[in-house]
Structures are given as C-alpha cells and as structure tokens.
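# Secondary and tertiary structure notes
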Amino acid sequence: MNGHGNGKVNDTVEEFHRSNSFKDLVIDTKKSAEHRQRGTSRTEDADESRSPALEAAYTSILRELGEDAGRQGLLRTPLRAAKAMQFLTKGYNETIEDILNNAIFDEDHDEMVIVKNIDVFSLCEHHLVPFFGKVHIGYIPNKKVVGLSKLARIVEIFSRRLQVQERLTKQIAVGISQALEPKGVAVVIEAAHMCMIMRGVQKMNSRTVTSTMLGVYLEDPKTREEFLALSKSA
C-alpha cells in the first residue's frame, strides 16, 4: 500500500472513530431482508465505494485488539480483509436469472435427478466465522431440466452471503423450484460450524443437518425416502 493510500485509509479511520459507529457499513435491514427473499443484487460499484470504509473498520478492529496496525505484517491486512469479506458475500451481487443464462431445456424426463456432495462454504451471520460441508439436491422435472452445473451455482449464490444453515437450505430449494417449476425439490445440507468448533462449546466432531422438501418430496414419503437413501449412498 503506497503512502497516498495509507493517508486515505487513515483519514477514513479517523472519521470512523469520530463517528464511533458502524452505521455507514450497515446494510439497511429492510433492503437486506429483500435481498435474502428475492435474490436481488448489490452492485459491484457499491462494493468498490464501500471498500475504504471496510478497510478503515478492519484497521480500527486491529487497533482495538491491541495490535499495531502499522507493523509490517499487518500493513495490508485491512485491505485484504475488506476484499476477502466482499468476495465471501459476493452472492448479494448475483441472481438466479443471471447464472441460469438460458440453461433450462425442454426434456421429456420425469424421473428423479440428484446432484450430491456439492461443496458449500458460508459465513455464520451470528459470529462471522465459516461453516462448510456438503449439499445434496434432488428434483423431479416437469418437462424441463437444467444444466447440472447450474445447481452448484445456485448453491454458490446463496452461500456467499451472511447465512444461517436453515435459511440457506430453504433458499436453495425455493430458488430451484421457482426457476424450474418441477414436481418437487429436495435439499439436504450437512455442515460443520466453526462457531461450535473453535469457540463456544468447542465440539470438534459436531455436524448440523438441515433439509427442505417441496412438492412430491414433501407429500410422498416413498419419494422422500428414495432421495434420502440415494443421497447417502456412496
């Protein structure tokens, strides 16, 4: 980081301390809820404009932890942390419509389609630490199928946000259901939460499993059991 950049960040840090508030960094709660419900986007231009404030906030956090934010090892840490946080929440910039990109095809197929063991990484909205694991997705087409990689991309859209696993599971299922209008959608997530592993109760082997069943998966126990058996098989 050059001297000019340091001066800009330091000015922002001083302004941050004078205001003594994170108010400029907080996303309006009503709009945030709208993002979660509808998958609307936060623009890249807005990310760029927020970057100095995020950098200043991380500089302030380092100082409040008793660190020397000006020492060599931490000199660029606020910038890196700001960019990392924006990457880890880039799902706010994306919508299902954008990533599907006409990859829905007419197909006379009405048997179960399952994509399992999709890697998922997200940030717990309570502690801002990661949770990660596997996603299993099943759907029964209603004369339309989707490119299989797009299911993984839908997982990515909703996981790259501040999340709780329960909501993430439902958002993936509802997103697929709205895009494809299938006969049913099933989503299961199994994840390890660092908020339970590296802090709090510190239970190293704990895993959390959540599921959402829509359509025939909810209505027909045999269909649901078939999905669960196939998603667990090797």
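Refer to the preceding data block for the structure.
Reading the values: rules and limits
- Residues numbered from 1 in each chain as written.
- Predicted model: local features only at pLDDT ≥ 70, side-chain atom pairs only at ≥ 80, totals over all residues.
- Heavy atoms only, no water.
- Axes fitted to C-alpha atoms, helices over the stretch in contact; angles between N-to-C directions.
- Helix = DSSP H or I, 4+ residues; strand = E, 2+ residues; numbered from the N terminus.
- Parallel < 35°, antiparallel > 145°, perpendicular 65-115°, else oblique.
- Left-handed = near helix turned anticlockwise from the far one by under 90°.
- Contact = heavy atoms within 4.5 Å.
- Nonpolar A, V, L, I, M, F, W, Y, C, P; charged D, E, K, R; others polar.
- Pairing = 2+ DSSP bridges.
- Expected span 1.5 Å × (residues − 1).
- Buried < 20%, exposed > 50% of the residue type's maximum accessible area, 1.4 Å probe, protein only.
- Phe/Tyr/Trp six-rings, centres within 6.5 Å; stacked < 30°, edge-to-face > 60°.
- Salt bridge = Lys/Arg side-chain N within 4 Å of Asp/Glu carboxyl O.
- Polar contact = N/O pair within 3.5 Å; in protein donor to acceptor, adjacent residues only side chain to side chain.

A separate point is the packing of helix 6 (residues 148–159) against helix 7 (residues 165–180). Two elements in contact, helix 6 and helix 7, have axes whose closest approach is 9 Å; the angle formed by their N-to-C orientations is 135 degrees. Of the possible angle classes, the one that applies to helix 6 and helix 7 is oblique. Where helix 6 crosses over helix 7, the handedness of that crossing is right-handed. Residues Leu151, Ile154, Val155, Phe158 and Ser159 of helix 6 touch helix 7, and the partners they reach there are Leu168, Gln171, Ile172 and Ile176. Here the residues of the contact of helix 6 with helix 7 sort into 7 nonpolar, 2 polar and no charged.

Attention shifts here to the sheet that holds strand 6 (residues 184–193). On the basis of which strands lie adjacent, the open sheet formed by 5 strands has the order 5-2-3-6-7 and mixed pairing. Strand pairing shows two members of the sheet lacking a second neighbour, strand 5 (162–163) and strand 7 (208–215), which therefore form its edges. In the sheet, strand 3 (residues 130–140) pairs with strand 6 via 10 bridges, with the strands oriented antiparallel. The residue of strand 6 that forms the bridge with Lys134 is Glu190. Packing against the sheet, helix 10 (residues 221–232) makes contact with strand 2 (113–124), strand 3, strand 6 and strand 7, and its axis sits at approximately 130 degrees to strand 3.

This brings us to helix 6. Its 12 residues place the ends of helix 6 18 Å apart at the C-alpha level, agreeing with the 16 Å of an ideal helix rising 1.5 Å per residue. In this structure, the buried residues of helix 6 make contact with helix 5 (96–100), strand 2, strand 3, strand 4 (144–146), strand 5 and helix 7.

For residues other than glycine, phi is negative in most cases, and the peptide bonds are mostly trans. Residues other than glycine seldom take positive phi values, yet Asn101 does so here, at roughly 45 degrees. Structurally, the position occupied by Asn101 is in the loop between helix 5 and strand 1 (104–106). The backbone of Asn102 sits at a positive phi, close to 65 degrees, despite the residue not being glycine. Positionally, Asn102 belongs in the loop between helix 5 and strand 1. Judged by relative accessible area, which is 71%, Asn102 ranks as exposed.

The final tally for this structure, using the stated rule, is 2 aromatic pairs. Relative to Phe227, the ring of Tyr217 has its centre 5.7 Å away and its plane inclined at 70 degrees; by these criteria the two rings are edge-to-face. Remark: Phe227 occurs in helix 10 and Tyr217 occurs in helix 9 (residues 216–219); sequence separation between them is 10 residues. Judged by relative accessible area, which is 0%, Phe227 ranks as buried.

Overall, the coordinates contain 8 salt bridges when judged by the stated rule. Note that Lys90 and Glu156 form a salt bridge whose closest N and O atoms lie 3.9 Å from each other. One end of the pair, Lys90, is in the loop between helix 4 (77–88) and helix 5; the other, Glu156, is in helix 6, with 66 residues separating them in the sequence. Where Lys144 meets Asp106, a salt bridge forms, and the shortest distance between an N and an O atom there is 2.9 Å. Taken as a pair, Lys144 in strand 4 and Asp106 in strand 1 lie far apart in primary sequence, 38 residues in all. By relative accessible area, Lys144 is classed as partly exposed at 36%. Each member of the salt-bridge network shares a partner with another, and the members are Lys90, Glu94, Glu156 and Arg160.

Moving on: the side chain of Thr223. Within the secondary structure, Thr223 sits in helix 10. The buried category is assigned to Thr223, whose relative accessible area is 12%. Of the polar contacts made by the side chain of Thr223, one reaches the side chain of Asp220; its length is 2.8 Å. Contacts of Thr223, omitting those with residues within four sequence positions, involve Met112, Ile140, Val216 and Tyr217.

On to the pairing of strand 6. Buried residues dominate strand 6, accounting for 9 of its 10 residues. Bridge count for strand 6 against strand 7 is 8 bridges, and the pairing is antiparallel. The residue of strand 7 that forms the bridge with Glu190 is Val209.

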